Amino acid sequence: MSNSDKTPPESKGDWEGFREIDRAIAEDRLTSYTWEKTWADPWGKAGLVLFGLLFAAFVIFVIIYDGLI
């Protein structure tokens, strides 16, 4: 019995809310799933943008403080 499409076998105790996560884990795409869900969430998107801006500000601060420019 070969499962070539890497989908998990159906079980009778399957939880509806976790079916997509189970499939993502089985297909080794959990990271992609996480980023897509975070970007779809308004607070998650704001958090990612804020983190990116803070990281860029820190890099600019380090470059200026160390006098690399």
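Residues numbered from 1 in each chain as written. Predicted model: local features only at pLDDT ≥ 70, side-chain atom pairs only at ≥ 80, totals over all residues. Heavy atoms only, no water.

Quick look at the overall build of the protein chain now. When helices and strands are tallied, the protein chain shows three helices and zero strands. Relative to its 69 residues, the protein chain shows a buried fraction of 4%. Entry remark: accessible area of the protein chain is about 6300 Å², with carbon and sulfur atoms responsible for 67%. (Helix = DSSP H or I, 4+ residues; strand = E, 2+ residues; numbered from the N terminus. Buried < 20%, exposed > 50% of the residue type's maximum accessible area, 1.4 Å probe, protein only. Areas by Shrake-Rupley, 256 points an atom, 1.4 Å probe, with all protein chains shown as cover.)

Where helix α2 (residues 30-40) meets helix α3 (residues 42-65), the axes come as close as 5 Å, and the angle between the chain directions of the two elements is 100°. It follows from the interaxial angle that α2 and α3 lie roughly perpendicular. Within the contact between the two elements, α2 uses Trp35, Thr38, Trp39 and Ala40 and α3 uses Pro42, Gly44, Lys45, Leu48 and Val49. Its residues placed into classes, the contact of α2 with α3 shows six nonpolar, two polar and one charged. (Axes fitted to C-alpha atoms, helices over the stretch in contact; angles between N-to-C directions. Parallel < 35°, antiparallel > 145°, perpendicular 65-115°, else oblique. Contact = heavy atoms within 4.5 Å. Nonpolar A, V, L, I, M, F, W, Y, C, P; charged D, E, K, R; others polar.)

Attention now goes to the packing of helix α1 (residues 19-26) against α2. Their axes nearest at 7 Å, the elements α1 and α2 cross at an angle of 135°. As far as their axial angle goes, α2 and α1 are oblique. On α2, the residues that touch Glu20, Ile21, Ala24 and Ile25 of α1 are Leu30, Tyr33 and Lys37.

Time to look at the confidence of the model for the protein chain. The pLDDT averaged across the protein chain works out to 80; a share of 74% of its residues lies at or above 70. The least confident element of the protein chain, judged by mean pLDDT, is α1 at 77; the most confident is α3 at 95. (pLDDT = per-residue confidence, 0-100.)

Here we take up the packing of aromatic side chains. Tallying each qualifying case throughout the model produces two aromatic pairs. Look at Phe51 and Phe55: their rings are 6.4 Å apart centre to centre, the planes differ by 20°, and that puts the pair in the stacked class. Separated by four residues within a single helix, Phe51 and Phe55 lie in helix α3, roughly one turn from each other. For the pair formed by Phe51 and Phe55, the shared burial category is exposed. Consider the rings of Phe61 and Tyr65, whose centres lie 5.6 Å apart with planes at 20°: the pair is stacked. Of the two residues, Phe61 and Tyr65 are both situated in helix α3; the distance of four residues between them amounts to about one turn of the helix. (Phe/Tyr/Trp six-rings, centres within 6.5 Å; stacked < 30°, edge-to-face > 60°.)

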